[in-house]
Amino acid sequence: MINKDKIKKFRDLRTPFYYYDLEVLNNTLSTLRKESEKHGYIVHYAVKSNANPRILQIISSYGFGADCVSWNEIDAALKAGFDPSRIVFAGVGKSDLEISNALKAGIFCFNCESIPEIEVIDDLAQSLGTIARIALRINPLVEAHTHKYITTGIEESKFGIHTWELDNVMNRLTELKNTELIGMHFHIGSQITKLSVFQSLCTHINELNEWFSSRGRELKIINVGGGLGIDYENPETYPMFSEYINLLHEFLDLKAGQELHMEPGRAVTGQCGSLISKVLYVKNGSNTLFAIIDAGMTDLIRPALYQAHHKIENLTSRGDLYRYDVVGPICESSDTFAKFIELPETKRGDIVAIRSAGAYGEVMASRYNLRELPAAVFSDEV
Ligand code: LLP
């Protein structure tokens, strides 16, 4: 909760900044740990959703692993205390240098997306005199029913290996001596709110699990990726970890000794963060009032890029309700956070909070228009 005392203190800070509520983060992490431990499932936090060093340290203190998509993310995870033996490395375009660095760091597993990539990993592992553990990221053709930019498991996606290619992959793997296949990996999209989507994923995974067994390959790791959504309308709510994990438990037919791994990102960090901004001007449009705030798409790009909805609150006004378009200062028409939303009468100097911005917020900030990057403020600092 952002209480009155905090709001008073926000007035003295340079805006915009990300405000992280550590109580929310810790509650989220304890629930996730409790629910995952019930079934012995292994969590790799998706670092891409928020790589703020303090957030990473807190998450690593819960004993979770990390899901990384670049060497820099691996490096940040290691510095924050994540154990290399719990780090997985995904991505369609891992560079040679990134692969070598990850091999030297002794990470747990490469989630591989193509035969050429596996060949390069094998080559580099050989030259370093080591064996690379890999999982195949398989495209299971499950529609995630989310925004098309964050849908990753359909026919046209660049991600993963198609099932019709698996025979070729398996044949090639028998020739590669420095690669050990340990698992299958999936990730069908992000901000998935229909849990039935994960049930379809389970059905596909069960079929593939049979396919591998019928070829005498028992894979130890089944990694279901991330994707669990959050409620952007209700920022005070927590993700449905218990329902999600129970569903996996009910519908996935794990074989004896198989481990279930998962990679939540947004569900871990989304609700603990708000982007705090000051109103610069209120101006008349032809059919609307523009509330121009000092945060822009450079600070939070989700509304501009995915037409994403984030709840906006005016923390300092209790006036009558009016409708506003809330926009930023960037020279782009897409620099709009919300259109025609009701807010209490808003004026210059008011403080607004753009909620549920902890995931894919700070980490996607840019310096377009040569703006400063937003700062991060934690609830125990103000
Ligand atoms: N694992 C893999 C392989 C992924 O590609 C992703 C996210 C995750 C796990 C974590 O997914 P999550 O639990 O956060 O849904 N920038 C977009 C989201 C991009 C997600 C990319 N991959 C947004 O702001 O909505």
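What you see is a predicted model, and the numbers here were worked out from it, not measured in a lab. (Residues numbered from 1 in each chain as written. Predicted model: local features only at pLDDT ≥ 70, side-chain atom pairs only at ≥ 80, totals over all residues. Heavy atoms only, no water.)

All right, on to the packing of aromatic side chains then. Applying the stated rule across the entire model yields 8 aromatic pairs. Here F10 and Y19 contribute two aromatic rings whose centre-to-centre distance is 5.0 Å and whose plane-to-plane angle is 65°, an arrangement assigned as edge-to-face. The buried category is assigned to F10, whose relative accessible area is 0%. With 5.9 Å between their ring centres and 40° between their planes, F89 and F110 make a pair best called tilted. Remark: F110 occurs in strand β5 (residues 109-112) and F89 occurs in strand β4 (residues 87-89); sequence separation between them is 21 residues. F110 carries the same exposure label as F89, and that label is buried. Taken together, the ring pairs in this structure connect F10, F17 and Y19 into an aromatic cluster. One residue, R54, lies across the ring of F378, its end atom 4.8 Å from the ring centre. Above the face of the F89 ring, K94 is positioned so that its terminal group lies 5.6 Å from the ring centre. (Phe/Tyr/Trp six-rings, centres within 6.5 Å; stacked < 30°, edge-to-face > 60°. Buried < 20%, exposed > 50% of the residue type's maximum accessible area, 1.4 Å probe, protein only. Helix = DSSP H or I, 4+ residues; strand = E, 2+ residues; numbered from the N terminus. Lys NZ or Arg CZ within 6 Å of the ring centre and 35° of its normal.)

Let us look at the domain arrangement of the protein. By domain assignment, the protein separates into domain 1 (4-17 + 271-378) and domain 2 (22-268). Relative to domain 2, the C-alpha centre of domain 1 lies at a distance of 33 Å. Tallying the contact residues gives 18 residues for domain 1 and 23 residues for domain 2. Together, Q271, Y360 and F378 form the three largest contributors to the area buried by domain 1 at its contact with domain 2, with a combined 36%. Run the count over domain 1 and domain 2 and you get 1 salt bridge. Taking the shortest distance from any N to any O, the salt bridge between R355 and E236 comes out at 3.4 Å. Summed over the shared surface of domain 1 and domain 2, the result is 9 residue pairs in polar contact (both at pLDDT 80 or more). Those elements that provide at least two residues to the side of domain 1 that touches domain 2 are α11 (302-306) and β17 (375-378). When grouped by side-chain class, the residues that make up the side of domain 1 that touches domain 2 number 8 nonpolar, 6 polar and 4 charged. (Domains from an automatic or database assignment. Contact = heavy atoms within 4.5 Å. Buried area = accessible area lost by both parts, 1.4 Å probe. Salt bridge = Lys/Arg side-chain N within 4 Å of Asp/Glu carboxyl O. Polar contact = N/O pair within 3.5 Å; in protein donor to acceptor, adjacent residues only side chain to side chain. Nonpolar A, V, L, I, M, F, W, Y, C, P; charged D, E, K, R; others polar.)

What follows is about the packing of helix α8 (residues 196-214) against helix α9 (residues 241-251). Running from amino to carboxyl end, α8 crosses α9 at an angle of 30°, the nearest separation of the two axes being 10 Å. Here α8 is positioned roughly parallel relative to α9, judged by the angle of their axes. Handedness of the α8/α9 crossing: right-handed. Residue-level contacts link F198, Q199, C202 and N206 of α8 to Y244, L247, L248 and F251 of α9. (Axes fitted to C-alpha atoms, helices over the stretch in contact; angles between N-to-C directions. Parallel < 35°, antiparallel > 145°, perpendicular 65-115°, else oblique. Left-handed = near helix turned anticlockwise from the far one by under 90°.)

Attention shifts here to the site of the ligand. The immediate surroundings of the ligand are formed by 19 residues, with S190, E263, R302, Y306 and Y360 found nearest. Contact between the ligand and R302: an oxygen atom at 2.6 Å from a side-chain N or O atom of the residue. Calculation on the ligand without its partners gives an accessible area of 590 Å², and the protein chains cover 92% of this total. A class-by-class count of the residues in the shell around the ligand yields 6 nonpolar, 7 polar and 6 charged. (Near = heavy atom within 4 Å. Areas by Shrake-Rupley, 256 points an atom, 1.4 Å probe, with all protein chains shown as cover.)

A few words now on the packing of helix α2 (residues 22-38) against helix α3 (residues 53-60). In contact at an axis separation of 10 Å, α2 and α3 are set at 35° when each is read in the N-to-C sense. The crossing of α2 and α3 is right-handed. Counting all contacts with α2, which are made through L22, L25, N26 and L29, the residues of α3 involved are R54, I55, I58 and I59. Along the lines of polarity and charge, the residues of the contact of α2 with α3 split into 6 nonpolar, 1 polar and 1 charged.

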